[in-house]
Amino acid sequence: MVKLSLKVLQDTVVESQIWKSIFRHGYTMNRRNRLLAVTNNVFYHILPTKITKYGMRMRFHWGAGIITFYLFLVLTFTGVLLMFYYVPIVPRAYYDMKDLQHVVPFGNILRNVHRYGAHAMVFMVMVHMARTFYTASYKPPREFNWVVGVILLTLTFLLSFSGYLLPWDQLAIWAVTVGTNMARATPLLGHEGPFSNLIGMKINNDIRFALLGGTTVGSATLLRFYVLHCIAFPIALTALIAVHFWRVRRDGYSGDVQAKE
Amino acid sequence: MARAIGASAGAESITRRRLLSFVGWSSFATFFGGITVASLRFFFPRILYEPLQEFIAGRPEDYQVGEVSTRMLKEQRAWVVRNEQGIYTLIAICTHLGCTPIWHPTEDRIKCPCHGSVFLRDGQNIAGPAPQPLFRGVIALDLAGNIVVDKGRKENQPGKRDQPPFFLPLQA
């Protein structure tokens, strides 16, 4: 009988083709394996393979960007879970929200994490923007990444605005009424804005009409905002986050540069 | 034939390859351009499932001279106002950003709680951020003597709003 020691068993596993097809580097802590662990990993790609301890100091970056991204992941996860119990039609929306609070197991904490997480993400994204500004991390070669960041900020606000309507309570309906009534005053595109008559904008064909899916906040609006909130804006946000991260990787951490003398 | 039609670029003439390439890419652009235009048009529905704008507001006897009635406010979002000359409806949508203003009988003013716009009982905006007066709907009597209101057609300019169909003259 062959004595199966743990080492033999372990070696059989890690030398097998299946294991090697998944894990392309060894586990022992040497310089090569540490480098491969980062470069071979799609999620770790934000980090360079080597960075100085100085470059990662919290005093410089406050972790605001990574906190924002973490909050985005939390919102996506909680958001998908909420989707299992929410139907975006007028006879259901408010009552499904109430059911999530009182009937669904852990529904209340799920809804609260989503809602408060959204507030936190908006706050942190502004902290991140302020930090980037005050550390002058927008200067060349990082100017375009600042622009991408501004677009991300706009998308974050749009996600907040579209999500706000979904509970279909008084706050939601009136917030969207007021917001879209502001949209009708847009130059050219809104039917009450300057130059709107030049391209024949009326209440039923301007940008407010396209946003609401009608002339007032109603069932069409709820559905449109739901699709925008769950599908369109998150896809756009994800794509731009990828560009934003890639730019950081390409240009390096702005805090990793030793100040001259 | 290398010497083709449209060889206006001087020495260079259009080859078969260039023509076919142009046609190919044009069809690509037309296809995706068409999809883009269709996608934009997609967001503007042709039929709206919104509530009816016409409603019956009782009979003239139900309203006193000098009264601003809130009886149709909750259901139809409109006040019915009667004065010496006749009767009219004010649509209760603030012309600033769309909140529902509140009628204060003790102050004889309509005030919007959102941003502080103030209106008189004839709809005129006198304070706050509202840029124009409140709108009046079309008001008429039907054959049975009921008051019929249509919020779909609106008018708020002084003069026009005091004439039929936005004002219904009645004997006191």
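**Observations concerning the overall build of chain B**
Then comes step 1: Scanning chain B from terminus to terminus reveals 2 helices and 11 strands.
Then comes step 2: Across chain B, helices and strands are ordered from the amino to the carboxyl terminus as α-β-β-α-β-β-β-β-β-β-β-β-β.
Then comes step 3: For 172 residues, the compact-globule formula gives about 16 Å, and the C-alpha radius of gyration of chain B, at 29 Å, lies well above that figure.
Then comes step 4: Reported as C-alpha extents along the three principal axes, the dimensions of chain B are approximately 90 × 40 × 30 Å.
Then comes step 5: By residue count, 24% of the 172 residues in chain B fall in the buried class.
Then comes step 6: Within chain B, residue pairs in contact and separated by at least 24 positions form 39% of the contacts whose partners lie at least 6 positions apart.

**A closer look at the overall build of chain A**
Then comes step 1: When helices and strands are tallied, chain A shows 11 helices and 0 strands.
Then comes step 2: Along the chain direction, N to C, the helices and strands of chain A fall in the order α-α-α-α-α-α-α-α-α-α-α.
Then comes step 3: Over its C-alpha trace chain A gives a radius of gyration of 25 Å, far above what one expects of a compact globule, namely 18 Å for 261 residues.
Then comes step 4: Residues counted as buried form 21% of the 261 residues belonging to chain A.
Then comes step 5: In chain A, once contacts between residues fewer than 6 apart in sequence are set aside, the share between residues at least 24 apart is 62%.

**Here we look at the interface of chain B and chain A**
Then comes step 1: Listed by partner, the interface residues are 9 residues for chain B and 15 residues for chain A.
Then comes step 2: Residues belonging to the side of chain B that touches chain A are distributed by class as follows: 7 nonpolar, 1 polar and 1 charged.

**Topic: the confidence of the model for chain A**
Then comes step 1: This prediction gives chain A a mean pLDDT of 91; 97% of its residues lie at or above 70.
Then comes step 2: Of all the helices and strands in chain A, helix H3 (residues 31-39) of chain A carries the lowest mean pLDDT, 85, while helix H7 (residues 107-134) of chain A carries the highest, 97.

**Brief notes about unusual backbone geometry**
Then comes step 1: Note the cis peptide between proline 140 of chain A and proline 141 of chain A, where omega equals 5°.
Then comes step 2: Residue proline 165 of chain B follows proline 164 of chain B across a cis peptide bond; omega there is 5°.
Then comes step 3: Relative to the elements of secondary structure, proline 165 of chain B occurs in the loop between strand E10 (147-155) and strand E11 (168-169).

**Some thoughts on the environment of glycine 159 of chain B**
Residues and elements named next belong to chain B.
Then comes step 1: Tracing the backbone through its elements, the reader meets glycine 159 in the loop between E10 and E11.
Then comes step 2: By the C-beta count within 10 Å, which is 7 here, glycine 159 ends up exposed.
Then comes step 3: Residues glycine 159 and arginine 59, 100 residues apart in the sequence, show an inter-C-alpha distance of 25 Å.

**Concerning the environment of serine 137 of chain A**
Residues and elements named next belong to chain A.
Then comes step 1: In this fold, serine 137 is placed in the loop between H7 and helix H8 (143-165).
Then comes step 2: Exposure remark for serine 137: the 19 C-beta atoms within 10 Å place this residue in the partly exposed category.
Then comes step 3: Spatially, the C-alpha atoms of serine 137 and tyrosine 253 are 8.9 Å apart, while their sequence positions differ by 116 residues.
Then comes step 4: In contact with serine 137, not counting residues within four places along its chain, are Thr132, Arg142 and Ser254.

**Comments concerning the domain arrangement of chain B**
Then comes step 1: Here chain B is described as being made up of domain 1 (1-49) and domain 2 (54-169).
Then comes step 2: The distance between the C-alpha centroids of domain 1 of chain B and domain 2 of chain B comes to 55 Å.

**Describing the packing of H8 of chain A against helix H11 (residues 219-251) of chain A**
All names here are of chain A.
Then comes step 1: Two numbers describe how H8 lies on H11: the axes approach to 9 Å, and their chain directions differ by 160°. With respect to their mutual orientation, H8 and H11 come out roughly antiparallel. Pair H8 / H11 crosses with left-handed handedness.
Then comes step 2: Here the residues of the contact of H8 with H11 sort into 18 nonpolar, 7 polar and 1 charged.

**Here we look at H7 of chain A**
Residue and element names in this part refer to chain A.
Then comes step 1: If you check H7, its first and last C-alpha atoms are 40 Å apart, about what 28 residues at 1.5 Å a residue would give, namely 40 Å.
Then comes step 2: Inspection of H7 places Arg111, Ala118, Met121, Met124, Val125 and His128 among the buried residues, and these make up the whole buried set.
Then comes step 3: Of the surrounding elements, those touching the buried residues of H7 are helix H5 (64-83), helix H6 (93-102) and H8.

Procedures and definitions
- Residues numbered from 1 in each chain as written.
- Chains lettered and ligands numbered in written order.
- Predicted model: local features only at pLDDT ≥ 70, side-chain atom pairs only at ≥ 80, totals over all residues.
- Helix = DSSP H or I, 4+ residues; strand = E, 2+ residues; numbered from the N terminus.
- Rg over C-alpha atoms; globule rule 2.2 N^0.38 Å.
- Buried ≥ 20, exposed ≤ 12 C-beta atoms within 10 Å, placed from the backbone.
- Contact = placed C-beta atoms within 7 Å.
- Nonpolar A, V, L, I, M, F, W, Y, C, P; charged D, E, K, R; others polar.
- pLDDT = per-residue confidence, 0-100.
- Domains from an automatic or database assignment.
- Axes fitted to C-alpha atoms, helices over the stretch in contact; angles between N-to-C directions.
- Parallel < 35°, antiparallel > 145°, perpendicular 65-115°, else oblique.
- Left-handed = near helix turned anticlockwise from the far one by under 90°.
- Expected span 1.5 Å × (residues − 1).

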